[in-house]
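Structural features, examined
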Amino acid sequence: MRWTVRPVQAADVPVLSAWLPASADTTLPEPGTAAAWLLAEGADGACGPSACLRVRGPIGLRRPRHWYHVGCVVHAAPELQLFHRQHTLLLGNDHTGASELAAGAHHPALDAAAQALAWRALLMAAREHLQATRALQGGMVIAELPGLRDDQGRSPFWQGLGRHFHAGDPDAVLQRLGGDGRAQLAALMPRQVVYASFLSPAAQAAMAQAAPSARLWMDTLADAGFRYSHHIDIVDGGPVFETHLDSWCARR
Amino acid sequence: MRWTVRPVQAADVPVLSAWLPASADTTLPEPGTAAAWLLAEGADGACGPSACLRVRGPIGLRRPRHWYHVGCVVHAAPELQLFHRQHTLLLGNDHTGASELAAGAHHPALDAAAQALAWRALLMAAREHLQATRALQGGMVIAELPGLRDDQGRSPFWQGLGRHFHAGDPDAVLQRLGGDGRAQLAALMPRQVVYASFLSPAAQAAMAQAAPSARLWMDTLADAGFRYSHHIDIVDGGPVFETHLDSWCARR
Amino acid sequence: MADAPRYLLRPAALADLTGLERLAGASAIGISSLPADREALRERIIRSQHSFADGDEPDAHYLFVLEDRQQAGALVGTAGIAARAGAGDRFYSYRNEFTVHASPALGARNRIHTLHLCHDLTGATVLTGFHIDPAHEAGPGAQLLSRGRLLFIASFPERFTDRIVSEHPGLADESGACPFWDAVGRRFFHLDYPAAERLASGQGRAFLAELLPQSPIYVPLLDEATQWALGQLHPVAERPFSILLDEGFDADTWLNVFDGGPTMEARLPMLKTARRLRSVGVLPPAPRATRGGHATHLAAGRRLQHWRATLLELDATAPAVALRDDEAALLGLSVGDSLCVAALDGPDGV
Amino acid sequence: MADAPRYLLRPAALADLTGLERLAGASAIGISSLPADREALRERIIRSQHSFADGDEPDAHYLFVLEDRQQAGALVGTAGIAARAGAGDRFYSYRNEFTVHASPALGARNRIHTLHLCHDLTGATVLTGFHIDPAHEAGPGAQLLSRGRLLFIASFPERFTDRIVSEHPGLADESGACPFWDAVGRRFFHLDYPAAERLASGQGRAFLAELLPQSPIYVPLLDEATQWALGQLHPVAERPFSILLDEGFDADTWLNVFDGGPTMEARLPMLKTARRLRSVGVLPPAPRATRGGHATHLAAGRRLQHWRATLLELDATAPAVALRDDEAALLGLSVGDSLCVAALDGPDGV
């Protein structure tokens, strides 16, 4: 199956809204800006709108964006034969100024093979857009992947960390406040380095793990040279992938 | 000019020692281990040993290695039209377990064009070694580049940060204690996040800047897909470049 | 017979507006200074009147004025008490902290000084805005103005906390430039110190402090002049500072986050005025000999309504005291009422 | 005539080795417990003798023993004083710290409790290793053993600091398992608590604490049982803890980094024994009536050589006191010497 990619238009929004999570941004980017909202549909009208992807210009410049940086600390005492590696989490705004590939979503009926091709087509189109607007974009491109959830839709990472600092439902906050909700949640989270070993085993295991539903998108990103940036989402612990825009554009 | 690359042998050490800094490690790696010490010399005996490069297997596992992670923090108050991005430094052991390309050095008479080719040949040979010993290596490969120095050989980064926490000469410490010297210096450095804006302008400017003498080696690494990892050396602020070993091996 | 009491400390009233305006205009720059504009002062007085009437508000703030009875009751000083630091929001300070970094192999042991942004003093009772006419600064009026607040707090402890703090202005020059602000706050705000002060009084201090770095400030990274300025007192505040030091306040632990001035702290029961506080009965007028056992005392009635404090020469141990009619009238007391008194020290106190 | 003094507190001597060994064997587990092995105890005694002879060593450690004179001078308790916490190295504690995290948009204000690894108490004087035979725990012997150290410190202030701290064991079960250690230290050491204690007594506590995380520990991330155990006292230490609480020690600020037990702190001049301390002259034997004005006092001579302390019934205000011959002999005093005394409280003290 072949795909064509074009900007989302006002008429597409009702269709797309049905696939997107309730908290997703459904405004159309203004033309000529760094932002774009791209839609893949079957070539020659083979099938209708099937997957979409948002491109955002430099992020976090008006409203700060937060991630945890996942670091490593070693406690060593050769006298004790002690050598202990620990992961640490530090809240910060490290990806500020990067461009972003965000909120990919697809038609629920799309099968895996078609999805993989659609993601690839969208990613190529996103790269073209970034290249065409290079002067407006950041040096890095990131993509946040949704984190693990359990059967009830709860995030083990949030259960192990965020919940101890905000008793409310983070998804409700994001739905109500959008991007600002994440910043408000960040204001309640630990400000100093947190040792991951203080988290529950389930939360530690969920760090930087993408949801199975995002696997195809993650593979597409990895094929294009995106790599885990050692940053994770503050709510569900999903990994942030990154690449250097210019290296990506230089790839055949 | 064409180069051949072979392991350093005992007979080469006196020649190489003349180019290497006094604190450099000149022991020969044991065969069959993750480590290697590679030497480039002119093919067909055109010229003698001209440049060398060390490969180290997973680092920091017996003696912790330290770097500063360079992060970003945003202080924003829309009510004040305040949006302020700052770099931060956090001491850690983030690259623990990576393999390392270390202590490249070349014959002082080698011209730039020949150097560039020699580095390229050494880097290809290092990749072959890493591939051949893949099971013994880490997932990432890093290369630390020497940082900026002034005319007197002093590091502006150390003058702006380290000096306030250890009055002695760090180069003398490294010369005396080798790799352990860096760990001893790390024990005296700030343990919490440091805002880079508290450093002198010269120190801030030197963060992640490689010495001009390392420019060709840095370009060679960048051509091979290595990128700045947002970590710097604790003494001279030189950048740490990194790549994923498997991605690198997959490149043509 | 002794002279009539010269100084009277009492709650501010709207009639004091002009006098307060004059004092505010003459007052030094500083984070705790009185607002110089008439409307803001009027609001302060009204808020104080509400606080006296109902001390339960989290932002209760009591404003006192000092009258000179020898100048027909002219206002010569003012000072306040905020019942809760931060008034229901966070109250930020820097805490001095010292950590040892050591490397045995290098023979190095360095004691590293850091400033740690903290909320330690949130909710404590704060002594605020001490201003006195320079002509009265060295005399007993300043003692009454400063320590009279401690007498008030100790008399109505249910309205305050056991922990008392007091901020004092840090170093700043005539133009309002402040070395500590320039070295710390300015890196995060790009505002000069007077502009930051205006912001703090408008938006609230917690709002501003929230934008300060959350990690400790490493003092060795500050320039020498700033290191020297840490915890240094602005010369204009020497008198109120030394009175509180004498009371038993500690000045070494906390700094003001904006100007680096010393923030003093104490437990009320440990303070001189609180320890010396006793209750005595009011007797009918009778001669009070001024012999050896007498000392200058802070004295005030025990009723919140019409609270008044002054300085009286009293016997240091007697369980009851004969007040002259003018003294009783000044304090609004009658025979049979009781009086809170606390002795000042001899030479310094009078 | 009153009975002869029952308890005597004095420096430990090598002849006490067997008695100390018996006390150490019976003592509770805890970071400050006495070593149970004879050689280590002998070293402690010798170090203490050096410290009494020359108090300038950074690791000066004074070891005292309590004799029951009614049991022919049997050893029934021991306690010590370390002149400088950390003995020249860092002394680590966790400080309780509270920070407010707020989001106005979410209507959230959370007071977050963190434990902050610090060197705050480095160099302070430490009350160490209090152990008493359970049969004597409730009586005046425990008072003499605990407060006698404060009398000693107050008598020889040049050997100590103004700041006094005292560590008390945290919760641990019979097998030595410690919930705080399991939740914190164990994550970094992979050792059980008794093994960590052995290491700490061998390698030094600073060595071990150096391996603890440098960033604050967020208490909300600890399991509930551990949160509850923070700063909780091991039941065996209730008596020495409550004596020091009564003295005026604060127990809310610092925790032991290994077992989470409360580390108490105070300024010497604020403590009951130091405030009540006075010097009285020794008079020749004469009847001492036990009338209303009398109270039980800690009493000791003023000379470091042959320092002895006991409990005496004395007049609470008299400038001099008639000692019986047996009392004078017990304390090693003669007529004309002076005596440091400090009153205990009535019912609790006797």
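What you see is a predicted model, and the numbers here were worked out from it, not measured in a lab.

**As for the interface of chain C and chain D**
Listed by partner, the interface residues are 15 residues for chain C and 15 residues for chain D. Across the chain C/chain D interface, buried area totals approximately 1,100 Å², and carbon plus sulfur atoms make up 43% of it. Of all residues in chain C, the largest losses of buried area upon contact with chain D belong to C:Arg90, C:Arg109 and C:His119, amounting jointly to 34% of the total for that side. Where chain C packs against chain D, one counts four salt bridges.

**Remarks on the side chain of D:Lys272**
Along the polypeptide, D:Lys272 turns up in helix 10 (residues 272–276). If sequence neighbours within four positions are ignored, D:Lys272 has contacts with D:Arg147, D:Asp246, D:Glu247 and D:Asp345.

**Some thoughts on the relation of the copies chain C and chain D**
The two copies are related by a screw motion: chain C maps onto chain D through a turn of 180° and a shift of 0.0 Å along the axis, at an RMSD of 0.1 Å. Viewed as a symmetry operation, the transformation between the two copies matches a two-fold axis. Ranked by how close their C-alpha atoms come to the rotation axis, the residues of chain C are headed by C:Met270, at 4.2 Å. A shared interface surface links the copies, since 100% of the contact residues of chain C are contact residues in chain D too.

**Thoughts on unusual backbone geometry**
In this structure, B:His230 takes a positive phi of about 65° despite not being glycine. Along the chain, the position of B:His230 falls in strand 9 (residues 227–232). For B:His230, a relative accessible area of 34% translates into the label partly exposed. At D:His190, a residue that is not glycine, the phi angle is positive and equals roughly 55°. Structurally, D:His190 is set in the loop between helix 5 (185–189) and helix 6 (193–203).

**Thoughts on the confidence of the model for chain C**
Overall, the prediction assigns chain C a mean pLDDT of 87, with 94% of residues at 70 or greater. Per-element averaging of pLDDT across chain C places helix 12 (residues 346–349) of chain C at the bottom with 40 and strand 8 (residues 217–218) of chain C at the top with 96.

**Considerations on the sheet that holds strand 9 of chain B**
Strand pairing in a sheet is mediated by backbone hydrogen bonds. Such pairs are either parallel or antiparallel. Residue and element names in this part refer to chain B. Pairing in this open sheet of 10 strands is mixed, and the strands run 1-2-3-6-7-10-9-4-5-8 from one edge to the other. Whereas interior strands pair on both sides, the edge strands pair on one side only; in this sheet they are strand 1 (3–7) and strand 8 (194–195). Sheet topology note: the strand 2 (residues 36–42)/strand 3 (residues 49–56) ladder contains six bridges and is antiparallel. Along strand 3, the bridge assignment pairs Ala36 with Val55.

**Considering the interface of chain D and chain A**
Taken together, the contact between chain D and chain A spans 30 residues of the former and 30 residues of the latter. Where chain D abuts chain A, roughly 2,400 Å² becomes buried across the two surfaces, and 68% of that area is made up of carbon and sulfur atoms. Of all residues in chain D, D:Leu106, D:Phe188 and D:Leu221 bury the most surface against chain A, accounting for 27% of the area lost on that side. Here chain D and chain A share zero salt bridges between them. Remark: the boundary between chain D and chain A carries 13 residue pairs in polar contact (both at pLDDT 80 or more). Looking at the side of chain D that touches chain A, the elements with two or more residues in it are strand 4 (93–103), strand 5 (108–118), helix 5, helix 6, helix 7 (205–209) and strand 8 (217–218) of chain D.

**Some thoughts on the packing of helix 1 (residues 17–26) of chain D against helix 2 (residues 38–53) of chain D**
Residue and element names in this part refer to chain D. The contact between helix 1 and helix 2 brings their axes to 10 Å, and the two run at 120°. Here helix 2 runs oblique to helix 1, going by the angle between their axes. Considering how the two elements wind past one another, helix 1 and helix 2 form a crossing that is right-handed. Residue-level inspection shows Leu17, Thr18, Leu20, Glu21 and Ala24 of helix 1 in contact with helix 2, the latter providing Arg38, Leu41, Arg42 and Ile45. Residues that form the contact of helix 1 with helix 2 fall into these classes: five nonpolar, one polar and three charged.

**Notes on the pairing of strand 4 (residues 67–77) of chain A**
Residue and element names in this part refer to chain A. Most of strand 4 is tucked away: 10 of the 11 residues are buried. Summarising the sheet, strand 4 and strand 5 (residues 82–92) pair through 11 bridges and their orientation is antiparallel. Bridge pairing in strand 5 links Gly71 to Thr88. Linkage of strand 4 to strand 5, two consecutive antiparallel strands, is achieved through a turn of four residues, within which Gln81 is found at a positive phi near 50°. Across two bridges, strand 4 lies against strand 9 (residues 227–232) in antiparallel orientation. Paired with Tyr68 across the strands is Ile232, a residue of strand 9.

Basis of the calculations
Residues numbered from 1 in each chain as written. Chains lettered and ligands numbered in written order. Predicted model: local features only at pLDDT ≥ 70, side-chain atom pairs only at ≥ 80, totals over all residues. Heavy atoms only, no water. Contact = heavy atoms within 4.5 Å. Buried area = accessible area lost by both parts, 1.4 Å probe. Salt bridge = Lys/Arg side-chain N within 4 Å of Asp/Glu carboxyl O. Helix = DSSP H or I, 4+ residues; strand = E, 2+ residues; numbered from the N terminus. Least-squares fit on C-alpha atoms with pLDDT ≥ 70 in both. Buried < 20%, exposed > 50% of the residue type's maximum accessible area, 1.4 Å probe, protein only. pLDDT = per-residue confidence, 0-100. Pairing = 2+ DSSP bridges. Polar contact = N/O pair within 3.5 Å; in protein donor to acceptor, adjacent residues only side chain to side chain. Axes fitted to C-alpha atoms, helices over the stretch in contact; angles between N-to-C directions. Parallel < 35°, antiparallel > 145°, perpendicular 65-115°, else oblique. Left-handed = near helix turned anticlockwise from the far one by under 90°. Nonpolar A, V, L, I, M, F, W, Y, C, P; charged D, E, K, R; others polar.

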